[in-house]
Amino acid sequence: VLQELRSSARLIVVKSRELVSSIGNDNNNNNNKEDHNEGGAVLFDGSLWFEQKLSELSSVPKIPTHPLQAPLRYAPGNVPICRYHNYHPDGCKRYNNTIGGCSYDHEFCHLCLKRGHIAREC
């Protein structure tokens, strides 16, 4: 998509309020704007801006397809966070099963390390 955009896009119309405000905050794009207001913005030759936004999206953590694909992370107290509890659709079977239990932490989010939710909800 980006390669096609570089070669063929002459005009980018941005309607998202969040993206419009980011255009207004970028000093690089001030000479590149035709129109910028609350309703949207029009960029001429905005491929550099678009490439920057794509790179920001690629830095967003992705949910693994299998819990064990996620790296091991630790809750405060140096207890490993349960990846099955955070990523598996059925949760942690050991934690849900009262016999034996699970020795991993089930209170902290594996992504942001905050208490009270799981990574699939983060």
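Residues numbered from 1 in each chain as written. Predicted model: local features only at pLDDT ≥ 70, side-chain atom pairs only at ≥ 80, totals over all residues. Heavy atoms only, no water.

### Some words on the overall build of the protein chain
Phase 1 of the analysis: Helix and strand counts for the protein chain come out as 5 helices and 5 strands.
Phase 2 of the analysis: Across the protein chain, contacts joining residues at least 24 apart in sequence account for 46% of those joining residues at least 6 apart.
Phase 3 of the analysis: Element-wise, carbon and sulfur atoms account for 50% of the exposed surface of the protein chain, whose accessible area totals about 8600 Å². (Helix = DSSP H or I, 4+ residues; strand = E, 2+ residues; numbered from the N terminus. Contact = heavy atoms within 4.5 Å. Areas by Shrake-Rupley, 256 points an atom, 1.4 Å probe, with all protein chains shown as cover.)

### What to know about the layout of surface pockets
The rolling of a water-molecule-sized probe over the atoms marks out the regions of remaining empty space.
Phase 1 of the analysis: What the largest pocket holds in volume is close to 200 Å³.
Phase 2 of the analysis: Taken together, Leu-68, Ile-81, Cys-82, Arg-83, Tyr-84, His-88, Gly-91, Cys-92, Lys-93, Arg-94, Cys-102 and Tyr-104 make up the full set of residues lining the largest pocket.
Phase 3 of the analysis: Looking at the lining of the largest pocket, the elements with two or more residues in it are helix 4 (83-87) and helix 5 (93-96).
Phase 4 of the analysis: When grouped by side-chain class, the residues that make up the lining of the largest pocket number 7 nonpolar, 2 polar and 3 charged. (1 Å grid on protein atoms, 1.4 Å probe; cavity = no way out; pocket = protein on both sides within 12 Å on 5 of 7 lines; lining within 4 Å. Points joined across faces, edges and corners; volume = space filled by probe spheres on them. Nonpolar A, V, L, I, M, F, W, Y, C, P; charged D, E, K, R; others polar.)

### Here's the deal with the side chain of His-110
Phase 1 of the analysis: Structurally, His-110 can be placed in the segment after helix 5.
Phase 2 of the analysis: Judged by relative accessible area, His-110 falls into the buried class, the value being 1%.
Phase 3 of the analysis: Among the polar contacts made by the side chain of His-110, one reaches the main-chain carbonyl oxygen of Pro-71 at a distance of 2.6 Å.
Phase 4 of the analysis: Other than its neighbours up to four places away in sequence, His-110 contacts Ala-70, Pro-71, Leu-72, Arg-73, Ile-81, Arg-83, Asn-86, Tyr-87 and Ala-119. (Buried < 20%, exposed > 50% of the residue type's maximum accessible area, 1.4 Å probe, protein only. Polar contact = N/O pair within 3.5 Å; in protein donor to acceptor, adjacent residues only side chain to side chain.)

### Re unusual backbone geometry
Phase 1 of the analysis: Not every positive phi belongs to a glycine, and Asn-78 is a case in point at roughly 60°.
Phase 2 of the analysis: Checked against the element boundaries, Asn-78 lands in the loop between strand 4 (74-75) and strand 5 (79-80).

### Digging into the pattern of salt bridges
Phase 1 of the analysis: This structure, assessed with the given rule, holds 1 salt bridge.
Phase 2 of the analysis: Residue Arg-115 pairs with Glu-107 through a salt bridge whose shortest N-O separation is 2.2 Å. (Salt bridge = Lys/Arg side-chain N within 4 Å of Asp/Glu carboxyl O.)

### Considering the environment of Pro-71
Phase 1 of the analysis: When you line up the elements, Pro-71 lands in the loop between helix 3 (47-58) and strand 4.
Phase 2 of the analysis: The spacing of Pro-71 and Arg-83 is 12 residues in sequence and 8.5 Å in space, taken between C-alpha atoms.
Phase 3 of the analysis: Dropping the residues within four chain positions of it, Pro-71 is found in contact with Arg-83 and His-110.

### What about the side chain of Arg-83?
Phase 1 of the analysis: Here Arg-83 is to be found in helix 4.
Phase 2 of the analysis: It is Asp-105 that comes nearest to the buried, bridge-free Arg-83 among opposite-charge side chains, at 12 Å.
Phase 3 of the analysis: A polar contact is formed between the side chain of Arg-83 and the backbone oxygen of Ala-70, at a distance of 2.9 Å.
Phase 4 of the analysis: With sequence-adjacent residues up to four places away left out, Arg-83 is seen in contact with Pro-67, Leu-68, Ala-70, Pro-71, Leu-72, His-88 and His-110. (Lys, Arg positive; Asp, Glu negative; His and termini not counted.)

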